[in-house]
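Working through the structure, step by step
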Amino acid sequence: MSSMIRIEDLSKVYDTGAVQVHALRNVSLSIEKGDFVAIMGQSGSGKSTLMNIIGCLDRPTKGLYQLDGMTISEMESSELSSIRNKKIGFVFQSFNLIPRTSSLKNVELPMIYAKIGKKERRERAIELLEKVGLGERLHHMPNEISGGQKQRIAIARALANKPAIILADEPTGNLDTSSSEEIMNIFTELNKEGATVIVVTHEDSIAEYTKRIIRFRDGQMIEDRRREAE
Ligand SMILES: Nc1ncnc2c1ncn2[C@@H]1O[C@H](COP(=O)(O)OP(=O)(O)OP(=O)(O)O)[C@@H](O)[C@H]1O
Ligand SMILES: [Mg+2]
C-alpha cells in the first residue's frame, strides 16, 4: 500500500542572497491516511517549512514529495494551488479570518472559490459551524467572538472543501488551556471520522492528543515515535 504522504531525502534551502538557510536537511518520512501526527521541535527547526511543503504552499529544493501518489515536488505552482484547494485544509496560529465578514461568509469563502452553488455552500457552512459548536454564532463578525471561537471558525473553513489532510501550524499557540482542549477535541473527532491530521506544537500536553510524535532539530528529523494507546 502506498502512503498518503511520502517524503524522501527532502531538503529546503532558503537563499536570501548573502546567506543560505538550510531549513530542512535530507528528511525522509511517510504518513498514512488516517494518522494523527504532532510535529515538535525548537523555534527555527523547520516545522513550518515542512508544513508549507506538505500543504503545497512551497516546493522543496531537492528530494521527493508524493501526495496520494502524485509527485508534487515536480509540479508547477499553478498545479500546486489546484491540488492544495482540493486536498488540504489549513489552520494557522493567528486564525487568518477575513475581518468584518461574518462567520458564515468566512466559511463559505473557499466554497465560492471552488464554484459551489449558493444554496449548497450556505447549507454546508451552517453544518460545519454547527459541527464546531458555533451554530449560534453564524452572523457574528470575527471581532465579536473569542479566540477559541475564531479558531473553531477557522477549522470549519478549513473543512469546507472536504480536504483529505488537515494541517494546523500551532493552532493553540494563541489560546488559553480550555480553548486549546476544545480545539484538540475537534481534531481528535475529525481524525476518528477518517481525516489525516498534522499539528505543529511546542506543548507536550497538545502532542498528547495525537498518535505519533515527530521531532525536528536544525532541519533534521531526530525522533519519530508512535504513542502508546492509553
Ligand atoms: N522565507 C524564508 N526565507 C528565509 N529563511 C527562512 C524563511 N522561512 C523560514 N526561514 C528560516 O528557515 C529556518 C526554519 O524556519 P521554520 O519557520 O520552518 O521554523 P519553525 O520550526 O516553524 O520555527 P517556529 O517554532 O519559530 O515557528 C529558520 O532558520 C528560518 O529563519
Ligand atoms: Mg513555525
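This section reports on the structure supplied with the text. Computed from a predicted model, the values in this text were never measured in an experiment. (Residues numbered from 1 in each chain as written. Chains lettered and ligands numbered in written order. Predicted model: local features only at pLDDT ≥ 70, side-chain atom pairs only at ≥ 80, totals over all residues. Heavy atoms only, no water.)

**Quick notes on the sheet that holds strand S2 (residues 20–31)**
- Reading across from one edge, S2-S1-S4-S5 is the order of the four strands in this open sheet, with antiparallel pairing throughout. Of all strands in the sheet, those with a lone pairing partner are S2 and strand S5 (70–71), marking the two edges.
- Of the pairings in the sheet, the one linking strand S1 (residues 5–15) to S2 comprises eight bridges and is antiparallel in character. Looking at the pairing, Leu10 lines up with Val27 of S2.
- Along the sheet, helix H1 (residues 47–54) makes contact with S1, S2 and strand S4 (62–67), crossing S1 at roughly 120°. (Pairing = 2+ DSSP bridges. Helix = DSSP H or I, 4+ residues; strand = E, 2+ residues; numbered from the N terminus. Contact = heavy atoms within 4.5 Å. Axes fitted to C-alpha atoms, helices over the stretch in contact; angles between N-to-C directions.)

**Considerations on the environment of Ser146**
- Counting through the fold element by element, Ser146 comes out in the loop between helix H4 (118–131) and helix H5 (147–158).
- We classify Ser146 as partly exposed; its relative accessible area is 35%.
- The spatial distance from the C-alpha of Ser146 to the C-alpha of Ser179 is 9.3 Å, given a sequence separation of 33 residues. (Buried < 20%, exposed > 50% of the residue type's maximum accessible area, 1.4 Å probe, protein only.)

**Notes on the nonpolar core**
- Counting 33 residues, the largest nonpolar core has Val107, Leu129, Ile155, Ile166, Phe187, Leu190 and Val199 as the members making the most contacts within it.
- For this core, the secondary structure elements donating two or more residues are helix H3 (103–113), H4, H5, strand S7 (165–169), helix H6 (177–192) and strand S8 (196–200).
- Apart from the residues within four sequence positions on either side, Val199 is in contact with Phe36, Val37, Ala38, Ile39, Ala168, Pro171, Met184, Phe187 and Ile206. (Core = buried A, V, L, I, M, F, W, Y, C linked by side-chain atoms within 4.5 Å.)

**What about the sheet that holds strand S10 (residues 220–226)?**
- On the basis of which strands lie adjacent, the open sheet formed by six strands has the order S6-S7-S8-S3-S9-S10 and mixed pairing. Each edge of the sheet is formed by a strand with only one pairing partner; in this case those strands are strand S6 (88–92) and S10. Across the sheet, the mean angle from the axis of one strand to that of its neighbour is 15°, orientation sign disregarded.
- With five bridges connecting them, strand S3 (residues 36–41) and strand S9 (residues 212–217) associate as parallel partners.

**Considering the pairing of S7**
- Counted residue by residue, S7 has five buried out of five residues, so it is predominantly covered.
- The two faces of S7 match: Ile165, Leu167 and Asp169 on one face and Ile166 and Ala168 on the other face are all buried.
- With five bridges joining them, S6 and S7 adopt parallel strand pairing. Residue pairing across strands places Gly89 opposite Ile166, the latter belonging to S7.
- The pairing of S7 with S8 spans five bridges and is classified as parallel. Bridge pairing in S8 links Asp169 to Val200.
- Crossover connection from S7 via H6 to parallel S8: handedness right-handed. (Right-handed = clockwise from strand over helix to strand, strands pointing away.)

**With respect to the packing of aromatic side chains**
- Scanning all chains against the criterion turns up one aromatic pair.
- Judged by centre distance (5.4 Å) and plane angle (10°), the rings of Phe90 and Phe92 are stacked.
- What makes Phe92 partly exposed here is its relative accessible area of 27%. (Phe/Tyr/Trp six-rings, centres within 6.5 Å; stacked < 30°, edge-to-face > 60°.)

**Quick notes on the layout of surface pockets**
- The computed volume of the largest pocket comes to approximately 520 Å³.
- Taken together, 19 residues make up the lining of the largest pocket; nearest its centre are Asn85, Ile88, Pro110, Arg157 and Asn161.
- When its volume is computed, the second largest pocket comes out at roughly 180 Å³.
- Taken together, 13 residues form the lining of the second largest pocket, with Leu159, Pro163, Leu190, Glu193 and Ala195 sitting closest to its centre.
- Here the residues of the lining of the second largest pocket sort into seven nonpolar, one polar and five charged. (1 Å grid on protein atoms, 1.4 Å probe; cavity = no way out; pocket = protein on both sides within 12 Å on 5 of 7 lines; lining within 4 Å. Points joined across faces, edges and corners; volume = space filled by probe spheres on them. Nonpolar A, V, L, I, M, F, W, Y, C, P; charged D, E, K, R; others polar.)

**Digging into the site of ligand 1**
- Within the structure, ligand 1 sits among 14 residues, and Ser43, Gly44, Lys47, Ser48 and Thr49 are positioned closest to it.
- Between ligand 1 and Ser43, the relevant distance is 2.6 Å, taken from an oxygen atom to a side-chain nitrogen or oxygen of the residue.
- Between ligand 1 and Ser48 there is a distance of 2.8 Å, counted from an oxygen atom to a side-chain nitrogen or oxygen.
- Alone, ligand 1 offers 640 Å² of accessible surface; in the complex the protein occludes 62% of this.
- Within the residue set of the shell around ligand 1, elements represented by two or more residues are S2 and H1.
- When residues of the shell around ligand 1 are assigned to their parent elements, the largest contribution, three residues, is made by H1.
- Of the residues belonging to the shell around ligand 1, the class tally is three nonpolar, nine polar and two charged. (Near = heavy atom within 4 Å. Polar contact = N/O pair within 3.5 Å; in protein donor to acceptor, adjacent residues only side chain to side chain. Areas by Shrake-Rupley, 256 points an atom, 1.4 Å probe, with all protein chains shown as cover.)

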